[in-house]
Amino acid sequence: MTTSMADERRDQLEQYLQNVTVDPNMLRSDVFVDFLKRVQLDTFGITTKKASLDIFLPDGRSIQAEILTSDTVERVLEVVSHKLGLCRELLGYFGLFLIRFYKEGKLSVMKKLADFELPYVSLQSSEVENCKVGLRKWYLDPSLDSMLMDCRAAVKLIYLQAIQDIEKEWAKPTQLQRQKLEALQKEDNQTKFLELSQEVQHYGYMQLDPCTCDYLEPGCGAILSVGNNEISCSITLPDNQTQDIIFQMNRVKCWQVTFLGTLLDMDGPQRTLNQNLELRFQYNEDSRWQWFVIYTKQAFLLSSCLKKMISEKMVKQAAENPEMQIEVPEQGKSKKYHIQQSQQSQAQKDYSIFQPRKSKVKIAEVDCVLGNIKEEGL
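Predicted model, so just to flag it, every value in this text is computed and none were measured. (Residues numbered from 1 in each chain as written. Predicted model: local features only at pLDDT ≥ 70, side-chain atom pairs only at ≥ 80, totals over all residues. Heavy atoms only, no water.)

A. View of the nonpolar core. By size, the foremost hydrophobic cluster in this structure holds 50 residues, and its most contacted members are I55, L86, F94, L96, L135, L148 and F193. In terms of residues, this core owes the most to one element, helix α6 (residues 152-167), which gives ten residues. In terms of nonpolar packing, the next biggest core, distinct from the first, is built from 42 residues, I99, W138, L208 and W255 among them. (Core = buried A, V, L, I, M, F, W, Y, C linked by side-chain atoms within 4.5 Å. Buried < 20%, exposed > 50% of the residue type's maximum accessible area, 1.4 Å probe, protein only. Helix = DSSP H or I, 4+ residues; strand = E, 2+ residues; numbered from the N terminus.)

Structure follows, in structure tokens:
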């Protein structure tokens, strides 16, 4: 086998694994999940044994989960929910994330762990300094808070996350809103606090680290906040002026993640290999389809957020139309709803793709509005 043949085979295997790991039928297969578990353990030379894993909460506290090193995210979430008193039927509204904590108090959500991932292995194999496993809510439609209000433990968790997001300036209340929220926080009135938070700009959004984009000019700095069916961008132009741009998800045709290569970065005293990634999406602006490119190491997290908003929109549409039937992959399982056949066939088309090598990028024409997603960060 020649070098070029080996590279092409490696590319195809990468793309296959990216695609197959979000197929709900595959994730329902115990055989396939066991295969993925063995791959993770064997790759990093970790044996199955009892272990303790600290799961960090939004207020900085941690709970110690007694697990096996081979336990998946789904299993670890069950252990954590039992310790917190969280209703099992609400587990799908929460997820485990790899989060980097900085000395100055900032944090960065590096990635959402997929259900088949082994949190212990993911943490041990991470090359990022001060990286921990954190529990956060996993929905981007702020109105879904209402689904958790009957569970005291769930309310406590999203209340703590709301406080954290405001402190980190991910959510941006006005001065008047801040005063009211502070008063409610002193009273520990969690329900009223969350009700008022619904009115706060970017409440419930996921904010990414500063990155670069090609809009409005190539190489512009950008800070992205994703949620409530939109991508909100604060773009810094070359003259240091800022401009806020909002991309509505109902005008996004498709997107793709591309692996550009690996860079050796100096991160304090450590030298780390960082994946150089881009996410590009096709957007309808002024009746024309245009591609916008975002260069970020959190491309897979961003893609997961876009998929999540699509999924939530499909569920909401299904609830509004009882004649619809769709299948929405969630928490490694399927939830069935009713959708008309024409819409169902359209929903089977690809909405996003993963490109393993920049040199082999081919732009895919995807003529759909909603569809199954075929990539996930391993």
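Back to the write-up after that little detour.
B. Main features of the pattern of salt bridges. Here the structure, examined in full by the defined rule, presents ten salt bridges. For R280, the salt bridge is made with E278, and the minimal N-O distance between the two is 3.0 Å. Given a relative accessible area of 14%, R280 falls into the buried group. (Salt bridge = Lys/Arg side-chain N within 4 Å of Asp/Glu carboxyl O.)

C. Structural view of unusual backbone geometry. The step from Y215 to L216 runs through a cis peptide bond, and the omega angle for that step is 10°. On the secondary structure map, L216 appears in the loop between β7 (211-213) and β8 (220-227). A positive phi angle is found at D188, which is not glycine, with a value near 55°. Mapped onto the elements, D188 comes out in the loop between α7 (175-186) and α8 (190-197). Here D286, not a glycine, exhibits a phi torsion of approximately 55°, which is positive. When you line up the elements, D286 lands in the loop between β12 (270-285) and β13 (288-295). Using a relative accessible area of 62% as the deciding quantity, one classes D286 as exposed.

D. Expanded view of the packing of α6 against α8. Contact geometry for α6 and α8: axes closest at 10 Å, N-to-C directions at 50°. With respect to α8, the element α6 is oriented oblique. Regarding α6 and α8, the two cross each other, and that crossing is left-handed. Residues V155, K156, I158, Y159, A162, I163 and I166 of α6 form the contact with α8, whose own contacting residues are Q190, F193, L194 and S197. Grouping the constituent residues of the contact of α6 with α8 by class yields eight nonpolar, two polar and one charged. (Axes fitted to C-alpha atoms, helices over the stretch in contact; angles between N-to-C directions. Parallel < 35°, antiparallel > 145°, perpendicular 65-115°, else oblique. Left-handed = near helix turned anticlockwise from the far one by under 90°. Contact = heavy atoms within 4.5 Å. Nonpolar A, V, L, I, M, F, W, Y, C, P; charged D, E, K, R; others polar.)

E. Expanded view of the environment of S62. On the secondary structure map, S62 appears in strand β2 (residues 62-68). Given the relative accessible area of 35%, S62 is considered partly exposed. For the pair S62 and V133, spaced 71 residues apart in the sequence, the C-alpha separation amounts to 9.6 Å. Other than its neighbours up to four places away in sequence, S62 contacts D54, I55 and F56.

F. Region of the structure containing helix α1 (residues 3-20). End to end, α1 covers 26 Å across 18 residues, agreeing with the expected 26 Å (1.5 Å per residue, within 8%). Among the residues of α1, D11, Q18 and V20 are the ones counted as buried. (Expected span 1.5 Å × (residues − 1).)

G. Expanded view of the confidence of the model for the protein. Per-residue pLDDT for the protein has a mean of 83; in total, 81% of the residues score no lower than 70. This model gives residues 269-273 a pLDDT under 50, and the stretch forms 15 contacts once residues within four places in sequence are excluded. Contacts from residues 359-378, a stretch scored under 50 in pLDDT, to residues over four places away or in other chains number 85 contacts. (pLDDT = per-residue confidence, 0-100.)

H. Region of interest: the packing of aromatic side chains. Evaluated as defined, the whole model comprises 13 aromatic pairs. Between the aromatic rings of Y215 and F247, the centroid separation amounts to 5.6 Å while the plane-to-plane angle is 65°, which identifies the pairing as edge-to-face. Separated by 32 residues along the polypeptide, Y215 in the loop between β7 and β8 and F247 in strand β10 (residues 242-248) bring together distant segments of the chain. Owing to a relative accessible area of 14%, Y215 belongs among the buried residues under this scheme. A residue is classified by how much of its surface remains accessible, and F247, at 4% relative accessible area, is buried. Centroid distance F247 to F281: 5.1 Å. Interplanar angle 80°. Geometry classified as edge-to-face. With F247 in strand β10 and F281 in strand β12, the pair connects residues that are 34 residues apart, well separated along the chain. (Phe/Tyr/Trp six-rings, centres within 6.5 Å; stacked < 30°, edge-to-face > 60°.)

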